[in-house]
Number of protein chains: 4
Amino acid sequence: MVGYEADKEKLKKRLSRIEGQVRGVARMVEDERYCIDVLTQIGAIEAALDKVALALIDDHTRHCVVDAEGAERVEKVDELMAALGRFVAR
Amino acid sequence: MVGYEADKEKLKKRLSRIEGQVRGVARMVEDERYCIDVLTQIGAIEAALDKVALALIDDHTRHCVVDAEGAERVEKVDELMAALGRFVAR
Amino acid sequence: MVGYEADKEKLKKRLSRIEGQVRGVARMVEDERYCIDVLTQIGAIEAALDKVALALIDDHTRHCVVDAEGAERVEKVDELMAALGRFVAR
Amino acid sequence: MVGYEADKEKLKKRLSRIEGQVRGVARMVEDERYCIDVLTQIGAIEAALDKVALALIDDHTRHCVVDAEGAERVEKVDELMAALGRFVAR
């Protein structure tokens, strides 16, 4: 069982909306829409992806980390921090 | 004519690849893959979107800003900075 | 007792180094150093701050979240996610 | 002459305020203040640094890029994009 079990349908709905947004940006480029408008739309997609990522981190912390014990818990936090490091840091 | 005219096909190819990546993440969620692996994949999509954004900023600066003159150029830089502000700043 | 108890001296050392880096950037501006070099230096400071933030998140998860129980633990994760949201999301 | 010539005093004032904020965070760590509060404060410093960076990018684009010509302008945009790449992308 994964940490996001309970949020699975919500996550899939969000990702399907994001897929549509990416397709929309491709169409904007095809139609040669103004660069700045395309850029704004890409920013919106990244914000939506950030929200999905935060939901996964939330579920992982609340379930996988907290339910694990001893060495397994240490490992789960290690993995989470490595992922956060790639995610946050520049 | 838009600033990214010359890069149009390359941008469309990248966006279509990103669309596939988003679909892949939805499939990972459907298959209940491990949270951290899903998170890593989302990070990769955002990095790919950042590259598209940087390409658009590059083209906009090199063409739209530089080709404009006087008040129009000021306006083009204003727009670019507003977009960058939404993009970079937290 | 705070989660970063054991890392306190290391965190203080890092922050004092970051303070010096900020002072260095002020001096670069005073000396009218090239914009791009100043910008690069600011990026380095943000990367160093990200590392401090990740160390705090790590300690908070490993100690405050994991040591708490029941409603208190839920609250600690809520706080962490709110902080991450402000930190990660654009 | 640098692009941020006209904003020099304003930039120095902002950087001196940021230096004070970093010192404040070191004091929070010394006083063992709650991890989440320290984290929030670090986020505020990064937001302030982002604003300084955006001001430098703005000045660089408006002056250095636009005032340059031919090969020198190409080089100036190249430098700006390389800096932005380090700054934006994860």
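Residues numbered from 1 in each chain as written. Chains lettered and ligands numbered in written order. Predicted model: local features only at pLDDT ≥ 70, side-chain atom pairs only at ≥ 80, totals over all residues. Heavy atoms only, no water.

## Digging into the interface of chain D and chain B
Residue-level contacts link 21 residues of chain D with 21 residues of chain B. For the interface between chain D and chain B, the tally reads two salt bridges. The residue Arg62 of chain B makes a salt bridge to Asp78 of chain D at a minimum N-O spacing of 2.8 Å. Along the contact surface separating chain D from chain B lie two residue pairs in polar contact (both at pLDDT 80 or more). Secondary-structure elements contributing two or more residues to the side of chain D that touches chain B are α2 (35–67) and α3 (70–88) of chain D. No other element matches α2 of chain D, which puts 10 residues into the side of chain D that touches chain B. (Contact = heavy atoms within 4.5 Å. Salt bridge = Lys/Arg side-chain N within 4 Å of Asp/Glu carboxyl O. Polar contact = N/O pair within 3.5 Å; in protein donor to acceptor, adjacent residues only side chain to side chain. Helix = DSSP H or I, 4+ residues; strand = E, 2+ residues; numbered from the N terminus.)

## Comments concerning the relation of the copies chain D and chain B
With an RMSD of 0.0 Å, the fit of chain D onto chain B corresponds to turning through 180° and sliding 0.0 Å along the axis. The symmetry that links the two subunits is that of a two-fold axis. (Least-squares fit on C-alpha atoms with pLDDT ≥ 70 in both.)

## Digging into the pattern of salt bridges
Under the definition given, this model contains 36 salt bridges over all chains. Across the pair Arg23 of chain C and Glu19 of chain C runs a salt bridge whose closest N-O atoms are separated by 3.1 Å. Within this pair, Arg23 of chain C and its partner Glu19 of chain C are both found in helix α1 (residues 8–30), separated by four residues, close to a single helical turn. The exposure class assigned to Arg23 of chain C is partly exposed, which follows from its relative accessible area of 37%. The exposure class of Glu19 of chain C is buried, given its relative accessible area of 13%. A salt bridge links Arg62 of chain D to Asp58 of chain D; the nearest nitrogen and oxygen atoms lie 2.6 Å apart. With Arg62 of chain D and Asp58 of chain D both in helix α2 and four residues apart, the pair spans about one turn of that helix. Through salt bridges with shared partners, one network takes in Glu19 and Arg23 of chain A together with Glu19 and Arg23 of chain B. (Buried < 20%, exposed > 50% of the residue type's maximum accessible area, 1.4 Å probe, protein only.)

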